[in-house]
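Take a look at the letters that make up each chain.
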Amino acid sequence: MTQTDDIIDEGAEHKTWKGKLWGVVKVILIIVVTGGLLYWVFSKVPFAKIKYRLANADRAWLTAAIACYIGSMFFSSWRLLSYFKSIGLRLDWRFNLRLYFLGLCYNVLLPGGIGGDGYKIYLLHKRYGLPTKKVFWAILFDRLSGFWAIGAIVVGLIILIPNFPYHLAWPLSIVSVGTVIYYFVARKFFKDYTHNFVQAHLKAIGVQSMQLLCIVCLLLAQDFNGKFAPYLLSFLFSSLAAIIPFSLGGGGIRDALFLTLARQFNLAEDMAVYLSFGFYLISIIVALFGVYYVLAPKRLDAGIKKGEEPKLENHPIEE
């Protein structure tokens, strides 16, 4: 049995019957919510229309969309590495990337049970004796940087939206003031997690930019020649909703919100659903890369020579 298998088994052994019951209930809820929302979406926009768009999309642009999404995952893994460095955890970038894709697999394909973030927290705690709350906060700040990046890019896109009902000073002020407050609160109460604050947030911009490029490629795959900004803005808002943990990889929730926003912006509803559902399919395809490390967990350390192994450095973070 591998070390990773031991970790999973040990985690299962420590689960109480209430925890196991909640795990089952959570999986059922995820399936019901995802299925219910997708049913609602396709009751409004026939699935045949989405299938037609996907089947007739330009293959070169679809390939480019997948490449952009994979690029966003590289940026995302790189961003998380910055937060791990902040807590003194020096992971080899290859190990971190493989662990990231393994987490994607758990999040998208194996809901309930062991979530991707939960698995990473448990594995890093087990291997390096790192307090779980340190890893938890590092991952939480990684997510917060993603929220900030979405907000910053939304303001940029609003400038391109015609007839925006509010003066641009309002969204600019909100993001600017919010960023300052966010930084000083983090610096005051979570100082050790802000050592790489600027570079981590620049990487967060990179993540969201690559995902927006993915949407642009999906639009171009349809020979699109309209305005990109309303679709991109709708995608960013729907991405926020997709973080809610009660859906299968954000499926259903993103589609439902994207469709709702399409009506507000007078966008083609079938195009909006094609974008959200196409993005969802791409996320599943990319998450399948992590299956390899589920089946062969020893490969997480492949190619890492002695002396290059991940290690925990002394760090002043208080427990």
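A quick note: this is a predicted structure, and the numbers were derived from the prediction, not measured.

**Student:** Give me the confidence of the model for the chain: which residues, what numbers.
**Tutor:** Counting all residues, the mean pLDDT for the chain is 80, and 81% of those residues have values of 70 or more. Residue range residues 1-13 is modelled with pLDDT below 50. Its contacts to residues more than four positions away, or to other chains, number 19 contacts.

**Student:** Before we move on, could you go through the packing of aromatic side chains and cite the residues and values that matter?
**Tutor:** Inspection of every chain in the model, using the stated rule, returns 21 aromatic pairs. The interplanar angle of 35 degrees and the centroid separation of 4.7 Å between the aromatic rings of W137 and F190 together place this pair among those described as tilted. One end of the pair, W137, is in helix α7 (residues 132-158); the other, F190, is in the loop between α8 (169-189) and α9 (197-220), and 53 residues separate them in sequence. Judged by relative accessible area, F190 falls into the partly exposed class, the value being 25%. Relative to F197, the ring of Y183 has its centre 4.8 Å away and its plane inclined at 70 degrees; by these criteria the two rings are edge-to-face. On the criterion of sequence distance, the pair formed by Y183 in helix α8 and F197 in helix α9 is long-range, its members being 14 residues apart.

**Student:** Give me the side chain of H201: which residues, what numbers.
**Tutor:** Within the secondary structure layout, H201 lies in helix α9. Given a relative accessible area of 4%, H201 falls into the buried group. A polar side-chain atom of H201 sits 2.7 Å from the main-chain carbonyl oxygen of F197.

**Student:** Can you break down the pattern of salt bridges residue by residue, with the values?
**Tutor:** The tally for this structure, following the rule as stated, stands at 4 salt bridges. Where D270 meets R53, a salt bridge forms, and the shortest distance between an N and an O atom there is 3.0 Å. Here the residue D270 occupies a position in helix α12 (residues 269-287), and R53 occupies one in helix α3 (residues 47-55), the gap between them amounting to 217 residues. One exposure class covers both D270 and R53, and it is buried. As a salt-bridge pair, R94 and D92 come within 2.9 Å of each other at their nearest N and O atoms. With a relative accessible area of 22%, R94 lands in the partly exposed category.

**Student:** Mind laying out unusual backbone geometry, listing which residues take part and the relevant values?
**Tutor:** You will see that D223, though not glycine, has its phi angle at about 60 degrees, which is positive. As for its position among the elements, D223 is in the loop between α9 and α10 (229-242). Even without glycine at this site, N266 takes up a positive phi of about 55 degrees. The topology assignment puts N266 in the loop between α11 (253-264) and α12.

**Student:** Which residues make up the UniProt feature "transmembrane region" (unreviewed entry) in the chain, and what are the values?
**Tutor:** The positions UniProt marks with the feature "transmembrane region" (unreviewed entry) are residues 21-40, 60-78, 99-116, 136-161, 168-185, 205-221, 228-253 and 273-295. Counting secondary structure, residues 60-78 comes out at 100% helix and 0% strand; the distance between its end C-alpha atoms is 27 Å. Across residues 168-185 one finds 94% helix and 0% strand; the C-alpha atoms that close the span lie 26 Å apart.

**Student:** Before we move on, could you go through the nonpolar core and cite the residues and values that matter?
**Tutor:** Residues F84, L124, L218, Y274 and L275 are the most contacted members of the largest nonpolar core, which totals 81 residues. Here this core takes 11 residues from α12, the largest share from any one element. With near-sequence residues (within four places) excluded, F84 lies in contact with L89, L91, N96, L124, V135, A138 and I139.

Conventions we followed
- Residues numbered from 1 in each chain as written.
- Predicted model: local features only at pLDDT ≥ 70, side-chain atom pairs only at ≥ 80, totals over all residues.
- Heavy atoms only, no water.
- pLDDT = per-residue confidence, 0-100.
- Contact = heavy atoms within 4.5 Å.
- Phe/Tyr/Trp six-rings, centres within 6.5 Å; stacked < 30°, edge-to-face > 60°.
- Helix = DSSP H or I, 4+ residues; strand = E, 2+ residues; numbered from the N terminus.
- Buried < 20%, exposed > 50% of the residue type's maximum accessible area, 1.4 Å probe, protein only.
- Polar contact = N/O pair within 3.5 Å; in protein donor to acceptor, adjacent residues only side chain to side chain.
- Salt bridge = Lys/Arg side-chain N within 4 Å of Asp/Glu carboxyl O.
- UniProt positions renumbered as here; feature names shortened; annotations may be inferred.
- Core = buried A, V, L, I, M, F, W, Y, C linked by side-chain atoms within 4.5 Å.

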